[in-house]
Amino acid sequence: MRSGLRLSGKVRLGLIVALAGLGPLQAADLEMSMGELPQWRLQGTAAESASFEASAAPTPDNGPAIEIAYAQSRHSDPFIELVRGKVVYMPDDLKSVSFWVKGNGRGDSLAIRLIDDDRATHQWTSPEKITWNGWRKVTVTLAPDDPNHLSWKSGESPERGRAPSYPLFFRSVVLRIHAEVDEPGKVAIGDLQFDPGLN
């Protein structure tokens, strides 16, 4: 399996290699690995003062993680995107994504961004602020009608409830920095485990 994508042994429905080395994926328990650093890069308003590396501490299930270190940004909306370099298409009936997060108690927030076939960005924000220290499993619901779902096209204002134009492909994990805490921080993120919603 290439580019850190693994299909669990429970169900294997197929992998079609098409665009940029990776195409549509259909499987139960689809995982996107944090174990291959060259596949990831940082963007965003606070990316200039941030860096990332392999976490020295594995996740509680002994998986790899990426640790993002950042300084407080003076930007009014400081955030960092951990962007996947390869184009990876998601199943159309995607339900949620779960991943381990090693928090620092600062109150930062996390979101998942996908891009649809009309080039609109769709963002789902976790309702849980990172108020804990140590590891915790986080699940983000990826339903279009979820109250934490926003979507927009370039030059447009974000709106709620817009249905995606399929297919969707993965863009990034977003770390939004709590602007009121004026000190450096670190957050580690484990493998992304997608639930395609297959019966």
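In case you missed it, the structure is sitting above this.
Criteria and cut-off values
Residues numbered from 1 in each chain as written. Predicted model: local features only at pLDDT ≥ 70, side-chain atom pairs only at ≥ 80, totals over all residues. Heavy atoms only, no water. Helix = DSSP H or I, 4+ residues; strand = E, 2+ residues; numbered from the N terminus. Buried < 20%, exposed > 50% of the residue type's maximum accessible area, 1.4 Å probe, protein only. Contact = heavy atoms within 4.5 Å. Areas by Shrake-Rupley, 256 points an atom, 1.4 Å probe, with all protein chains shown as cover. Phe/Tyr/Trp six-rings, centres within 6.5 Å; stacked < 30°, edge-to-face > 60°.

Caption draft 1: Highlighting the overall build of the chain. Along the backbone of the chain there are zero helices and 16 strands. Every one of the 199 residues in the chain was classed for burial, and the buried ones make up 50%. For the chain, the proportion of contacts with a sequence separation of at least 24, taken over those separated by at least 6, is 73%. Accessible area for the chain stands at about 9600 Å²; split by element, carbon and sulfur atoms hold 47% of it.

Caption draft 2: Structural detail: the packing of aromatic side chains. Throughout the structure, instances matching the rule amount to three aromatic pairs. Considering the side-chain rings of W40 and F170, the 6.1 Å spacing of their centres and the 85° angle between planes classify their relative orientation as edge-to-face. Here W40, found in strand β5 (residues 40-43), pairs with F170, found in strand β14 (residues 169-176); they are 130 residues apart in sequence, far enough to count as distant. Residue W40 is classed as buried on the basis of its relative accessible area of 4%. Residue classification places F170 among the buried residues on the basis of a relative accessible area of 1%. Between Y89 and F169, the ring centres sit 5.8 Å apart and the planes meet at 70°, which makes this aromatic pair edge-to-face. With a gap of 80 residues between them, Y89 in the loop between β8 (79-84) and β9 (96-104) and F169 in strand β14 connect regions that are remote in the sequence. Under the relative-accessibility criterion, F169 is labelled buried at 13%. What links up through ring pairs into an aromatic cluster is the set W40, F170 and F194.

Caption draft 3: Seen up close, the side chain of S55. Position of S55 relative to the elements: it lies in the loop between β6 (50-54) and β7 (65-70). Judged by relative accessible area, which is 15%, S55 ranks as buried.

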